[in-house]
Amino acid sequence: MKVAYYPGCATHGLSKDVDVATKKVAEVLGLELVEVEDWNCCGGGFLDEYNEKAHVALNLRNLSTVERMGMDKMVTPCSVCLQSHRLAAYKYNENKDLRKEVDKKLKEANINYSGKATAEHIVWVLVRDVGLEKIKKAVKKPLTGLRVGAYYGCQMLRPEQIMGFEPSFNPHSMEDLIAATGATPVKFPMATACCGFPLMGSNPKVGLKLAYNVLNSAKSQNADILVHPCSLCHLQLDVTQLKVKNEFNLSWTLPAIYITQLLGLAFGFSAEELGISKLAQEVLRKKGIIQ
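Because the structure is a prediction, the values reported are computed rather than measured.

### Some points on the sheet that holds strand S2 (residues 32-35)
As summarised here, the arrangement of the four strands in space is S2-S1-S3-S4, forming an open sheet in which the pairing is parallel. With one partner strand each, in any of the chains shown, S2 and strand S4 (118-121) form the two edges of the open sheet. Averaged over all pairs of adjacent strands, the angle between strand axes in this sheet comes to 45°, irrespective of strand direction. As paired elements, strand S3 (residues 73-76) and S4 share four bridges and run parallel to each other. Looking at the pairing, Thr 76 lines up with His 121 of S4.

Written out as structure tokens, the structure is:
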């Protein structure tokens, strides 16, 4: 199966390990990821509020490129990028006045968007298109005994009428993928809450508090590790572990890894090949998952 692949800025930058793990897992499963030609930043989380017209036009530029590449599905590993593209397409279709203004911008750049190409999350493609049975067959090293907190975050699921993959407050796709690896999925109350990343530039104390809420919620349900579906959640929940520990005087950490990193471990890749952090490796070693 061949799909257009939009990595997004974070996945090509500080969350490069997400990109690496996603490509390795896709290759094992026969999923050919063709990177979108000359893609641009989606502007999610800031441009959509600052300049709605420019935000919609930029996202449709990426989707129009996918159409020119002869494909109608663009997959991304980033929930923010996912929501940004789907929100832009939704606004373009629903708001006639905005559509006229956006069409002017697209015409100036010689861009034509037909509406055929849509954005989907890598989790959606893995569950719906690849299928859980095929994923289970690819498992070489079951992650038996590992309790994994299934974190969704806020943007892969909401707004539900725009995302449309599964119920926003009763999802199960992450649990399904975790279970496919042989690990034990762990539900926890804050699984669909915001991780706090958007606040780290303007109000880092509150941003860290939101990260703590998520981590503490999963820890309270005896999760060994947290798994998430977003390049920006990755920065917040993985990179800031020690900041959260220091801010709240904790005696523990709860390492967070990306969903394809977990799948990659079950497929037989090493923690180093998947770019898994040292904190997470310590937990995996204690649980006997890695040597």
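So much for the structure itself; the text now carries on.
### Regarding the environment of Pro 229
Looking at the element boundaries, Pro 229 is found in the loop between strand S7 (225-228) and helix H11 (231-239). With 78 residues separating them in the primary sequence, Pro 229 and Tyr 151 have C-alpha atoms 7.5 Å apart.

### A word on empty space enclosed by the protein
Scanning the entire structure with this criterion turns up one cavity of 30 Å³ or more. Roughly 30 Å³ of internal volume is contained in the largest cavity. For the largest cavity, the full set of lining residues is Leu 215, Gln 241, Val 244, Lys 245, Leu 250, Trp 252, Thr 253 and Leu 254. For the lining of the largest cavity, the leading source of residues is helix H12 (residues 241-247), giving three residues. Residues of the lining of the largest cavity, tallied by class, amount to five nonpolar, two polar and one charged.

### A closer look at the pairing of S7
Both faces of S7 are covered, namely the face carrying Ile 225 and Val 227 and the face carrying Leu 226 and His 228. Of the strand pairs in this sheet, strand S5 (residues 147-150) and S7 are connected by three bridges, and their pairing is parallel. Bridging from a neighbouring strand, Gly 149 pairs with Leu 226 of S7. Judged from the three bridges that link them, S7 and strand S8 (residues 256-258) form a sheet pairing that is parallel. The residue bridging Leu 226 from the neighbouring strand is Ala 256, located in S8.

### What to know about the sheet that holds S7
Strand order in the open sheet formed by four strands is S6-S5-S7-S8, with parallel pairing between adjacent strands. Of all strands in the sheet, those bounded by a partner on one side alone are strand S6 (184-186) and S8. Going across the sheet, the axis of each strand differs from the next one's by a mean of 40°, ignoring polarity. Strands S7 and S8 of the sheet are contacted by H11, whose axis makes an angle of about 160° with S8.

### Details of the pattern of salt bridges
Summed over all chains, the structure comprises 13 salt bridges. The shortest N-O distance in the salt bridge between Asp 129 and Lys 73 comes to 2.6 Å. Separated by 56 residues along the polypeptide, Asp 129 in helix H6 (residues 122-130) and Lys 73 in strand S3 bring together distant segments of the chain. With a shortest N-O distance of 3.3 Å, Lys 205 and Glu 247 are connected by a salt bridge. Note that Lys 205 is positioned in helix H10 (residues 204-220) and Glu 247 in helix H12, a separation of 42 residues in sequence. Classification of Lys 205 as exposed rests on a relative accessible area of 55%. Of the residues examined, Glu 247 reaches a relative accessible area of 33% and is grouped as partly exposed. Members of the salt-bridge network, linked through shared partners, are Lys 73, Glu 120, Arg 128 and Asp 129.

Reading guide: rules and limits
Residues numbered from 1 in each chain as written. Predicted model: local features only at pLDDT ≥ 70, side-chain atom pairs only at ≥ 80, totals over all residues. Heavy atoms only, no water. Pairing = 2+ DSSP bridges. Helix = DSSP H or I, 4+ residues; strand = E, 2+ residues; numbered from the N terminus. Axes fitted to C-alpha atoms, helices over the stretch in contact; angles between N-to-C directions. 1 Å grid on protein atoms, 1.4 Å probe; cavity = no way out; pocket = protein on both sides within 12 Å on 5 of 7 lines; lining within 4 Å. Points joined across faces, edges and corners; volume = space filled by probe spheres on them. Nonpolar A, V, L, I, M, F, W, Y, C, P; charged D, E, K, R; others polar. Buried < 20%, exposed > 50% of the residue type's maximum accessible area, 1.4 Å probe, protein only. Contact = heavy atoms within 4.5 Å. Salt bridge = Lys/Arg side-chain N within 4 Å of Asp/Glu carboxyl O.

As far as function goes, none of this settles anything; it's purely spatial.
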